[in-house]
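Overview (structure and organization)
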Amino acid sequence: MKLLVIGSGGREHALAWKLAQSDKVEIVFVAPGNAGTARENKLCNINLSDHQQLIQFCFEQEIDFTLVGPEAPLAAGIVDDFTKAGLAIFGPSKYCAQLESSKDFAKAFMTKHGIPTAAYATFSDAQEAHQYIEQKGAPIVIKADGLAAGKGVIVAMTPDEAHQAIDSILLDNSMGSAGARVVIEDYLRGEEASFIVMVDGEHILEMASSQDHKRLLDNDAGPNTGGMGAYSPAPVVTPAVHQRVIDEIIKPTVQGMLAAGHPYRGFLYAGLMIDETGAPYTIEFNCRFGDPETQPIMCRLQTDFVDLLLAALAGKLNETNAVWSEEIAVGVVLAASGYPHSPRRGDIIDGVDLASDNGKIFHAGTSFNADKKLIVSGGRVLCVVGMGQNVAEAQQQAYAALEPIKFKGMQYRNDIAAKALK
Ligand code: AMP
Ligand code: GLY
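A brief look at the structure comes next. (Residues numbered from 1 in each chain as written. Chains lettered and ligands numbered in written order. Predicted model: local features only at pLDDT ≥ 70, side-chain atom pairs only at ≥ 80, totals over all residues. Heavy atoms only, no water.)

Turning our attention to the packing of aromatic side chains. Under the defined criterion, the tally for this structure stands at nine aromatic pairs. Ring geometry for Y95 versus F105: centroids 5.6 Å apart, planes at 90°, classification edge-to-face. Here Y95 is found in helix α6 (residues 94-101), whereas its partner F105 is found in helix α7 (residues 103-112), with 10 residues between them in sequence. Since its relative accessible area comes to 18%, F105 is described here as buried. With centroids separated by 6.4 Å and ring planes inclined at 15°, the aromatic side chains of F105 and F109 adopt a geometry described as stacked. Within this pair, F105 and its partner F109 are both found in helix α7, separated by four residues, close to a single helical turn. Judged on exposure class, the residue F105 and its partner F109 are both buried. Ring-pair connections join several aromatic residues into one group, and the members of that group are F90, F267, F289 and F305. (Phe/Tyr/Trp six-rings, centres within 6.5 Å; stacked < 30°, edge-to-face > 60°. Helix = DSSP H or I, 4+ residues; strand = E, 2+ residues; numbered from the N terminus. Buried < 20%, exposed > 50% of the residue type's maximum accessible area, 1.4 Å probe, protein only.)

Axis separation between α6 and α7 bottoms out at 6 Å; the angle between their running directions is 95°. Here α6 is positioned roughly perpendicular relative to α7, judged by the angle of their axes. Along its contact with α6, which presents Y95, Q98, L99 and S101, the element α7 presents K103, F105, A106 and F109. Its residues assigned to classes, the contact of α6 with α7 shows five nonpolar, two polar and one charged. (Axes fitted to C-alpha atoms, helices over the stretch in contact; angles between N-to-C directions. Parallel < 35°, antiparallel > 145°, perpendicular 65-115°, else oblique. Contact = heavy atoms within 4.5 Å. Nonpolar A, V, L, I, M, F, W, Y, C, P; charged D, E, K, R; others polar.)

Right, let's talk about the pattern of salt bridges for a bit. Summed over the entire model, instances satisfying the criterion amount to 19 salt bridges. Put simply, K24 and D307 hold a salt bridge, and the shortest N to O gap is 2.7 Å. With K24 in the loop between α1 (10-20) and β2 (27-32) and D307 in helix α12 (residues 305-313), the pair connects residues that are 283 residues apart, well separated along the chain. Looking at K24, the relative accessible area reads 37%, which means it is partly exposed. Measuring nitrogen to oxygen at the nearest pair gives 2.8 Å for the salt bridge that ties D415 to R413. For the pair formed by D415 and R413, the shared burial category is buried. A single salt-bridge network, built from bridges that share partners, covers D220, R413, D415 and K419. (Salt bridge = Lys/Arg side-chain N within 4 Å of Asp/Glu carboxyl O.)

In this section: empty space enclosed by the protein. A full pass over the atoms with the stated rule returns one cavity of 30 Å³ or more. The computed volume of the largest cavity comes to approximately 70 Å³. What lines the largest cavity is simply L99, E100, K103, A106, K107, M110, K143, E185, I283, E284 and F285. No other element matches the four residues that α7 contributes to the lining of the largest cavity. Its residues placed into classes, the lining of the largest cavity shows five nonpolar, no polar and six charged. (1 Å grid on protein atoms, 1.4 Å probe; cavity = no way out; pocket = protein on both sides within 12 Å on 5 of 7 lines; lining within 4 Å. Points joined across faces, edges and corners; volume = space filled by probe spheres on them.)

This next bit is on the site of ligand 1. E185, D186, L188, E192 and E284 are the nearest of the 15 residues found near ligand 1. Contact distances for ligand 1 include 3.3 Å between an oxygen atom and a side-chain N or O atom of K103. For ligand 1, a nitrogen atom lies 3.1 Å from a polar atom in the side chain of K143. Burial of ligand 1 by the surrounding chains reaches 92%, relative to a free accessible area of 480 Å². Of all the elements in the fold, those that place two or more residues in the shell around ligand 1 are β7 (140-144), β8 (153-156), β9 (182-186) and β17 (280-286). Looking at side-chain class alone, the shell around ligand 1 contains seven nonpolar, one polar and seven charged residues. (Near = heavy atom within 4 Å. Polar contact = N/O pair within 3.5 Å; in protein donor to acceptor, adjacent residues only side chain to side chain. Areas by Shrake-Rupley, 256 points an atom, 1.4 Å probe, with all protein chains shown as cover.)

With that settled, consider the sheet that holds strand β4 (residues 65-68). Taking strand neighbours across the sheet as the criterion, the five strands line up as β3-β2-β1-β4-β5 in an open arrangement whose pairing is parallel. Each edge of the open sheet carries a strand with a single partner, namely β3 (43-45) and β5 (89-90). Note: strand β1 (residues 2-7) against β2, six bridges, orientation parallel. The residue bridging I6 from the neighbouring strand is A31, located in β2. Contacts from α1 reach β1, β2, β3 and β4 within the one sheet, and its direction differs from that of β1 by about 170°. Contacting β1, β2 and β4, helix α3 (residues 51-61) crosses the sheet at an angle of about 165° to β1. (Pairing = 2+ DSSP bridges.)

Counting 47 residues, the largest nonpolar core has L4, I78, L99 and I250 as its most contacted members. For this core, the leading source of residues is helix α10 (residues 239-259), giving seven residues. If we skip the residues at most four places from it in the chain, I250 touches F195, V197, I204, V245, L268 and A270. Of all hydrophobic cores here, the second largest spans 41 residues; its members include L15, V306, A311 and V333. (Core = buried A, V, L, I, M, F, W, Y, C linked by side-chain atoms within 4.5 Å.)

Below, the structure is given as structure tokens:
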């Protein structure tokens, strides 16, 4: 089979790498990919992003199916365009992708279907937003309505911070059109987890649980990022919590979309806050796999990933099963100098080839310069995954594997998966 993966991050490297392990697969094209996918066995980068050009490529190459990694092409309707052209593609339609591309859509949907989430209100008028904050007090959470690449959320611990966030988003347009409206929601307490499932329109297949590390610095300090590391499984998702997430969040979402005449097909990611009683709340929906959650999760998948996707495309996920390694996987992100606000590009990366023996190294923001040297070309640069019989061993593997890797200003957290040790 010939497959196509859309995207260029660590998530796409991991998805394409896993697909390529299938005996059924001859080649996986990655559009546009990165320096890691350029060097990986059975993967091949193609430099296309326009939907019509991608569609033409699929016909020319006789691509069996396409898998979409990131949210932006989904929100732009890539699945609708491919489907119209008669091509097989796994991901949600533009309508369904609103669960991620509009926080207001997601909150209204959750309210309508009784899905647990923080109480909220939506504003486009700054004065009204200020009044609401005065009423509510702090801590309180301010979110740009639209896609903001993980930078659209301000967790305000004081009313002052909240008022500033409103002015910055609604008056100074700091987030552009993504910030034309803001959602203001109650602050939730608890432990976070990422709950990702495959959906074929009707049936659900759970992926392994995981936990992301959103803050830049150790002990959850510093600004929010796209994710500085992840591990799988996440012990906070006990079997009881798992069942509640399925019953209270995932099933009502899938059924709600079906009832609206827009069956959800694709990965569905619920970002959860689990309170001390074990009750799960939805912080957000993503309409795709998580990054960096994908990297450790794919390292634990033992079932042929192609079979799972074929079942999903055929609407037969109920006839499949995913088998996960008993091992723990810990993924540590190496980020560029200046990440998340202004990542510096161009720094030369050393030591990646020395590191490959201990853990699996997934590339994200990497490319080659004119001298064919590996360089930094994005905020999150690499994700190094270690595996072990327990959390400590997996951590040791990951940190040992990243030891030889060096680039100027490299940032990483030293405490990925520390929560799972407790
Ligand atoms: P989001 O992009 O919606 O996932 O938000 C980014 C991060 O902000 C989350 O991972 C949480 O750590 C935090 N956050 C978002 N919403 C809330 C909330 N209602 N209460 C507490 N923390 C939140
Ligand atoms: N790691 C969080 C996300 O993929 O949105």
